[in-house]
Amino acid sequence: MMSRATTRPVGTVTRGTTNPNRLRRMDRWIAATHGAELRRAVDPVAVDLGYGAAPWTAVELLTRLRVAAPRTCVVGVEIEPARVTAAKPYERDGLVFRHGGFEIPIPRRPLLVRAANVLRQYDEAEVTGVWQRLCARLAPATESSRGGLLVEGTCDEIGRRHVWVALGPEGPRTVTFATRLGSLERPSDLAERLPKALIHRNVPGEPVHAFLRDFDRAWSAAAPYASYGARQRWIRAVRDLTADWPVTDGAGRWRQGEVTVAWGALAPRG
């Protein structure tokens, strides 16, 4: 009797480190900036790719997205089978867990793929190929929609500092820097959380290095605003950055300790 062929998941097993609320800043940004796309969809699906050794991030993603778009369903995808088995008891209405990798083993194209701290262990040369594979799985753009969104980035263990790239079906769109402002000495502290596509490019001559240098200068110039709090200092520094850098968001997001810049301005050279 012939055995049924199985498809091997694409990717490698991560360390699986995870903590409750680790991805809250990323989740809130997604809900704020992509919530309208999710609400317009009849049956929107989001994927938490590589959720790790515990399912907390997938559970939290469902909760946060359903505030913005109540019909959203979340699929947690993990390449390590034991992690999927351990997550199964947490399944509920709108939340399931599947074994898989970058191929994203679900029948429909998702409106969101979140891949946090997944590519950290990969080589920089592998990133573009992974992005292309994941973007090809996103819901396509239509006359009324920009299509699905891939959010890929890195954060620290307790979620104080994040940097992520947002990509659509057409490729990279923006880079977002997000932090708990009370923990920040200078904006370039975020350099240690740059995603794999940028972390090795934080050197003189590369755009991301120039951006962080200018951000530090704007932060220093905004020091008088510190008497009104770190938030006001951050807002002032970002406002000054807009003179030379294509910042794509506004003060409403800056107040959250965020700033988003067009990908083309920070993309690696060469």
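Here, the structure is the one placed above.
Thresholds, definitions, all that
- Residues numbered from 1 in each chain as written.
- Predicted model: local features only at pLDDT ≥ 70, side-chain atom pairs only at ≥ 80, totals over all residues.
- Heavy atoms only, no water.
- 1 Å grid on protein atoms, 1.4 Å probe; cavity = no way out; pocket = protein on both sides within 12 Å on 5 of 7 lines; lining within 4 Å.
- Points joined across faces, edges and corners; volume = space filled by probe spheres on them.
- Helix = DSSP H or I, 4+ residues; strand = E, 2+ residues; numbered from the N terminus.
- Nonpolar A, V, L, I, M, F, W, Y, C, P; charged D, E, K, R; others polar.
- Buried < 20%, exposed > 50% of the residue type's maximum accessible area, 1.4 Å probe, protein only.
- Expected span 1.5 Å × (residues − 1).
- Bend = angle between axes of the 7 residues up to and from the residue.
- Pairing = 2+ DSSP bridges.
- Axes fitted to C-alpha atoms, helices over the stretch in contact; angles between N-to-C directions.

Novice: Help me understand the layout of surface pockets in this model?
Specialist: Empty pockets left among the atoms are what a rolling probe the size of a water molecule brings to light. Estimated volume of the second largest pocket: approximately 250 Å³. Forming the walls of the second largest pocket are 13 residues, and the residues nearest its centre are Trp29, Thr33, Arg146, Leu149 and Arg173. Elements that contribute at least two residues to the lining of the second largest pocket include exactly helix H1 (24-40) and strand E7 (171-179). If you tally residues by element for the lining of the second largest pocket, the top one is H1, at four residues. A breakdown of the residues in the lining of the second largest pocket according to their chemical character gives three nonpolar, six polar and four charged.

Novice: Explanation requested: unusual backbone geometry in the structure shown.
Specialist: Glycine aside, a negative phi is what most residues show, and trans is what most peptide bonds show. A positive phi is found at asparagine 21, a non-glycine position, where the angle reads about 65°. Take asparagine 21: it is sitting in the segment before H1. The phi torsion at isoleucine 104 lies on the positive side, around 50°, for a residue other than glycine. Note that isoleucine 104 resides in the loop between strand E3 (95-99) and strand E4 (112-116). Residue isoleucine 104 is classed as buried on the basis of its relative accessible area of 1%.

Novice: Could you clarify how one ought to interpret H1 in this entry?
Specialist: Structural remark: α-helix, 3.6 residues per turn; residues separated by three or four positions point the same way. Taking 1.5 Å per residue as the helical rise, H1 with its 17 residues ought to reach 24 Å, and the 23 Å between its terminal C-alpha atoms agrees with that figure. Histidine 34 marks the point of greatest bend in H1, at about 65°. Within the sequence span of H1, burial applies to Arg24, Arg25, Met26, Asp27, Trp29, Ile30, Ala31, His34, Gly35, Glu37 and Leu38.

Novice: How should I be thinking about the sheet that holds E4 in this particular structure?
Specialist: The strands making up a sheet associate through backbone hydrogen bonding, with each pair oriented either parallel or antiparallel. One open sheet accounts for eight strands, arranged E3-E2-E1-E4-E5-E6-E7-E8; its pairing is mixed. The open sheet is flanked by E3 and strand E8 (258-262), the only strands paired with a single partner. Neighbour-to-neighbour, the strand axes of this sheet turn through a mean angle of 20°, independent of strand direction. Here five bridges tie strand E1 (residues 45-49) to strand E2 (residues 73-78), and the two strands are oriented parallel to one another. Looking across to E2, one finds that valine 47 is bridged to valine 75.

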